[in-house]
Amino acid sequence: MPAKILIVDDEVAIRRLLRNTLERAGHEVAEAGNARDALQTAATSHPDAILLDLGLPDRDGLSLIPLLRKDGNSSILVVSARDATEEKVAALDLGADDFVTKPFDTDELLARLRVALRHHAPGNEPAKIIRAGELAIDLDRRTVTRAGAEVHLTRKEHEVLATLARYPGRVVTHDKLIAAAWHRDEDPRIDYLRIVIRNLRQKLEVPRPVGSVIASELGVGYRLRPGN
């Protein structure tokens, strides 16, 4: 469905590329070249999604994320040349829906935008059954089936998978997954999370290729790839 998109980037060439890409996809586009204009435009036009660069001339883009999230329900996709892991984690923890690194593939950008727009669509309640390939994850009943057969998971495996399923197609950080599956007194580490992910892939993806359902975002977290 067509959506209102706000591009926030100080580079004219990038804004032009994004505008052409989004308009060809049928979206309505507005632009801002700095943080001040971005906040004003977002407040008046109420965009469905915001493509946000971090390297703005008057303010760091990271500081805009909580302000934009507080004042509206727009999807926020960071589109930045910053590729450090800590920058990606910070953006996601502050409320961004996703992080796309420049230079980017326009088809991938549009696909991630579609996922973010679905998540923030007005009146769109989270699905109770999430499907990914042959998997069906029933969040209410706490059951998982593959091709109709139930898959038995440990408590930690289920909590990690359920957390991923609540954000299908979006990156979930290591810290968020650990907080969902481990008690505070268990002193969890990322190595333990990797073991749980490995076990999940073995249980969920045979005979599918390893990594086809749960994708890794190096140094950041994991993403459940939804599908019919």
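Worth saying up front: this structure is predicted, and the values here are computed from it rather than measured. (Residues numbered from 1 in each chain as written. Predicted model: local features only at pLDDT ≥ 70, side-chain atom pairs only at ≥ 80, totals over all residues. Heavy atoms only, no water.)

Asks: Hey, could you run me through the environment of L224 in this one?
Replies: Secondary-structure assignment places L224 in strand β12 (residues 221-224). Taking the C-alpha atoms as reference, L224 lies 26 Å from H27; in sequence the two are 197 residues apart. (Helix = DSSP H or I, 4+ residues; strand = E, 2+ residues; numbered from the N terminus.)

Asks: Explain helix α1 (residues 12-24) here, please?
Replies: An α-helix turns once every 3.6 residues. As a result, residues three or four positions apart point the same way. Taking 1.5 Å of rise per residue, 13 residues should cover 18 Å, and α1 covers 18 Å from first to last C-alpha, within 8% of that figure. Of the positions making up α1, those classed as buried are I14, R15, L18, T21 and L22. When α1 is viewed along its axis, its buried side chains cluster within an angular range of 135° and face the same direction. Exposed and facing more than 90 degrees away from the buried side of α1 are A13 and R24. The first or second residue beyond α1 is G26, which carries a positive phi of 95°. (Expected span 1.5 Å × (residues − 1). Buried < 20%, exposed > 50% of the residue type's maximum accessible area, 1.4 Å probe, protein only. Arc of directions from axis to C-beta.)

Asks: Teacher, can you tell me more about the pairing of strand β11 (residues 214-217) here?
Replies: Put simply, side chains in a regular strand alternate between the two faces of the sheet. Pairing of β11 with β12, which is carried by four bridges, proceeds in the antiparallel orientation. Bridge pairing links E217 to G221 in β12. (Pairing = 2+ DSSP bridges.)

Asks: I tried to follow the environment of R146 on my own but got confused; where do I start?
Replies: Tracing the chain through its elements places R146 in strand β8 (residues 143-146). Remark: the alpha-carbon pair of R146 and L135, spanning eleven residues in sequence, is separated by 4.5 Å.

Asks: Hey, could you run me through the pairing of strand β2 (residues 28-32) in this one?
Replies: In this structure, strand β1 (residues 4-8) lies alongside β2, joined through five bridges in parallel fashion. For L6, the partnering residue across the bridge sits in β2 and is A30.

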